Each structure stands twice: as structure tokens, then as C-alpha cells.
Amino acid sequence: MTAPEPTGIVVLVSGSGTNLQALIDAAADPAYGVRILAVGGDRAGITGLHRAAAAGITVFVCRVEDFDTRAEWDAALAERIGDHEPAFVVSAGFMKLLGPQVLGRWTVLNTHPALLPSFPGAHAVRDALAAGAQQTGCTVHVVDAGIDTGPVLAQATVDVEPDDTEDTLHERIKAVEHPLLVEIVGRAAREGITVSDGKATIP
Ligand code: GRF
């Protein structure tokens, strides 16, 4: 039996791209059902884009500072994503708030390094440590217009150790984040994802 056509996705990155790498590795297996059509970055020269290029994936850069307004950047990003006609978009460490042009056109999955709704925002690991949390983790959720407020699809928990630094804790979070993101993106690709009334479900 031949495998069904894979579902095409676009992945957005801002940094080291270890989550992207986990997706690239998973997508090497046709049974995973995902083809990464392109990887977009909010700046050039980042490791995430190098990882994509090394895997033979088309990359593009869409920088906020190249546009007069955030709305123009949003429209340009939507156009760059749209060039590849993905079924959905994955934000894998993309550190910019997405606008209505992108969010109105695609379901966007995001991975966040905390147990939402705790510790939203750009410094989730630092904030969990500062609050003295004994457990934290990661969340895969659907992006809405808020800051890490969209409906949760899955979470994984990590114990905070007494001698943890932001780096050691983030590394242990990434160890559970990578397989969780791979699992949820694969299921969303193979089974579909529905978002309605502020709830997201994969059948
Ligand atoms: C991840 O922990 C993600 O949750 C957060 O930023 C980190 C990105 O890591 N938003 P990487 O670029 O995938 O290595």
C-alpha cells in the first residue's frame, strides 16, 4: 500500500531550531505524514534556518524592521507563508506575535516552555524559576490573538531541581518538548485539527 500524501506545513523559527530539528527528523519517515514545505525566520543567520537549509528545505526571512508598520509585516509574512500553501503553520520558538493576516488564514500551533496558563510570555523558564515553581514543563497550543492564551492541545511536566539555572531547566524542558511537539504536529497532520468555540481538538 502506498502512503497517503503528506500534509504540508510551514515552520517559523527565531533561534536555535532544536524543535524544528525534531520535526525535520520525524518527517524523514513517510509514515509520519508531514512535509515541511518551508521554514521562515524573523531574522537571517539563525541556526534554525541553517538546520532547514542543511535538510534541503526552502527558507525565507521576514523581518519586522523591514516594514513601516506591524500590519505590513503581518501581510508580508502571510504572503510568504501562502507561497507554499501549507495546511497549517507551526511556530517553533518564533518570538514574534503573529497578526490577523496569518492567524486569519491558518491554524498555527505553538510550543511554549511552561505549563500554560502559568508563565506566558518570552521569559517563561526564568519566570517559573523566579516564582519558585516546583514543576513546570511545556505546552503545545493553538495560537490566538493573545500572548500564549490559545487553546491547549497537550502538555508535559518537568520537575524543577533545587540547583537548576534557566539553562539547565530549559534543556530538560526541551527534552520533553521535542517529542510532544512531534507527536501533536504528526497527529494534526494525519488526523486534522478543529478549532471552535475556543477549543482545539484532534480527533
Ligand atoms: C523552545 O523552548 C520554545 O518553547 C520557546 O523557545 C524555545 C525554542 O527553542 N518558545 P529552539 O529554537 O526550538 O531550540
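Residues numbered from 1 in each chain as written. Predicted model: local features only at pLDDT ≥ 70, side-chain atom pairs only at ≥ 80, totals over all residues. Heavy atoms only, no water.

Across the sheet, which stays open at both edges, the 7 strands sit in the order S3-S2-S1-S4-S5-S6-S7 with mixed pairing between neighbours. At either end of the open sheet lies a strand with only one pairing partner, and these are strand S3 (58–61) and strand S7 (152–159). The sheet shows a mean angle of 20° between the axes of neighbouring strands, direction not considered. Direction of pairing for strand S1 (residues 7–13) relative to strand S2 (residues 34–41): parallel, over a ladder of 7 bridges. (Pairing = 2+ DSSP bridges. Helix = DSSP H or I, 4+ residues; strand = E, 2+ residues; numbered from the N terminus. Axes fitted to C-alpha atoms, helices over the stretch in contact; angles between N-to-C directions.)

Along helix H2 (residues 47–54), the positions that sit buried rather than exposed are Gly48, Leu49 and Ala52. One side of H2 holds all its buried residues, which, seen down the axis, span an arc of 95°. Away from its buried face by more than 90 degrees, H2 exposes His50 and Ala54. Buried positions along H2 lie against S1, helix H1 (18–27), S2 and S3. Downstream of H2 by a residue or two, Gly56 has a phi angle that is positive, lying close to 80°. (Buried < 20%, exposed > 50% of the residue type's maximum accessible area, 1.4 Å probe, protein only. Arc of directions from axis to C-beta. Contact = heavy atoms within 4.5 Å.)

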